[in-house]
Amino acid sequence: MLEKVKHEIELMQRHIVILRAVVASQPIGIMKLSEQLNLPFHRIRYSLRVLEQMGYIRASPSGAMATRQAEELLLHLDEGLDEMIGLLSSMKTDGG
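The rules behind each value
- Residues numbered from 1 in each chain as written.
- Predicted model: local features only at pLDDT ≥ 70, side-chain atom pairs only at ≥ 80, totals over all residues.
- Heavy atoms only, no water.
- Helix = DSSP H or I, 4+ residues; strand = E, 2+ residues; numbered from the N terminus.
- Expected span 1.5 Å × (residues − 1).
- Buried < 20%, exposed > 50% of the residue type's maximum accessible area, 1.4 Å probe, protein only.
- Contact = heavy atoms within 4.5 Å.
- Core = buried A, V, L, I, M, F, W, Y, C linked by side-chain atoms within 4.5 Å.
- Pairing = 2+ DSSP bridges.
- Salt bridge = Lys/Arg side-chain N within 4 Å of Asp/Glu carboxyl O.

**Q** Would you mind going over helix H1 (residues 2–25) in detail, with residue names and values included?
**A** Its 24 residues give H1 an end-to-end C-alpha distance of 35 Å, which sits within 8% of 34 Å, the value for a rise of 1.5 Å per residue. Of the positions making up H1, those classed as buried are Leu11, Arg14, His15, Ile16, Ile18, Leu19, Ala21 and Val22. For H1, the secondary structure elements touched by its buried residues are helix H2 (30–37), helix H3 (41–53), strand E1 (57–60), strand E2 (63–66), helix H4 (68–75) and helix H5 (77–90).

Put into structure tokens, the structure is as follows:
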């Protein structure tokens, strides 16, 4: 059970790293992101597809562009992560 959760967190981390790179360098293509982040092309493409489906980026002829929804996510990301950390801490046997 914990392995699956860990995998999902690692995947979310990659999506966030890629989203931040898009915001910083938009418009940006898959090849440039792959070079910039030192990640395989197929992982970049998968994350971009997921981010697009979720409404955080949009495709343009020049490359990926962040949406207003992405800016909102990144603006409130620390708060959401702190909430998740609190939930995880409360599950520890010592009560967190």
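**Q** So, the nonpolar core: which residues are in play, and what are the values?
**A** Ile18, Leu19, Val22, Leu33, Leu48, Leu51 and Ile57 are the most contacted members of the largest nonpolar core, which totals 14 residues. Of all the secondary structure elements, the ones that give two or more residues to this core are H1, H3 and E2. Ranked by residue count, the leading element in this core is H1, at four residues. Setting aside its immediate chain neighbours within four residues, Val22 contacts Ile28, Leu33, Leu48, Ile57, Ala64, Met65 and Ala66.

**Q** Tell me about the environment of Tyr46, and please be specific about residues and values.
**A** Relative to the assigned elements, Tyr46 resides in helix H3. Taking the relative accessible area as the measure of exposure, Tyr46 reaches 35% and is therefore partly exposed. Taking the C-alpha atoms as reference points, Tyr46 and Glu35, separated by 11 residues in sequence, lie 16 Å from one another. When residues no more than four places from it in sequence are discounted, the contact partners of Tyr46 are Leu11, Arg14 and His15.

**Q** Describe the pairing of E1, with residues and values.
**A** Pairing between E1 and E2: four bridges, direction antiparallel. In the strand pairing of E2, Ser60 is matched with Gly63.

**Q** Describe unusual backbone geometry, naming the residues involved and giving the relevant values.
**A** Across residues other than glycine, the phi torsion is negative in most instances, and most of the peptide bonds are trans. The residue after Gln26, namely Pro27, is reached through a cis peptide bond having omega -10 degrees. Position of Pro27 among the secondary structure elements: in the loop between H1 and H2. Positive phi, normally seen in glycine, also occurs at Asn38, with a value near 55 degrees. The topology assignment puts Asn38 in the loop between H2 and H3.

**Q** Can you lay out the environment of Gln69 for me, pointing to particular residues and giving the numbers?
**A** Structurally, the position occupied by Gln69 is in helix H4. Separated by 15 residues in sequence, Gln69 and Met54 have C-alpha atoms that sit 9.2 Å apart. Setting aside chain neighbours within four positions, we find Gln69 in contact with Met54, Gly55 and Tyr56.

**Q** I'd love a proper account of the pattern of salt bridges, names of residues and values included.
**A** By the definition in use, this model includes one salt bridge. Here Lys6 and Glu10 are joined by a salt bridge, their closest N and O atoms 4.0 Å apart. Note that Lys6 and Glu10 are positioned in helix H1 at a spacing of four residues, about one turn of the helix. According to the relative accessible area criterion, Lys6 is partly exposed, its value standing at 44%.

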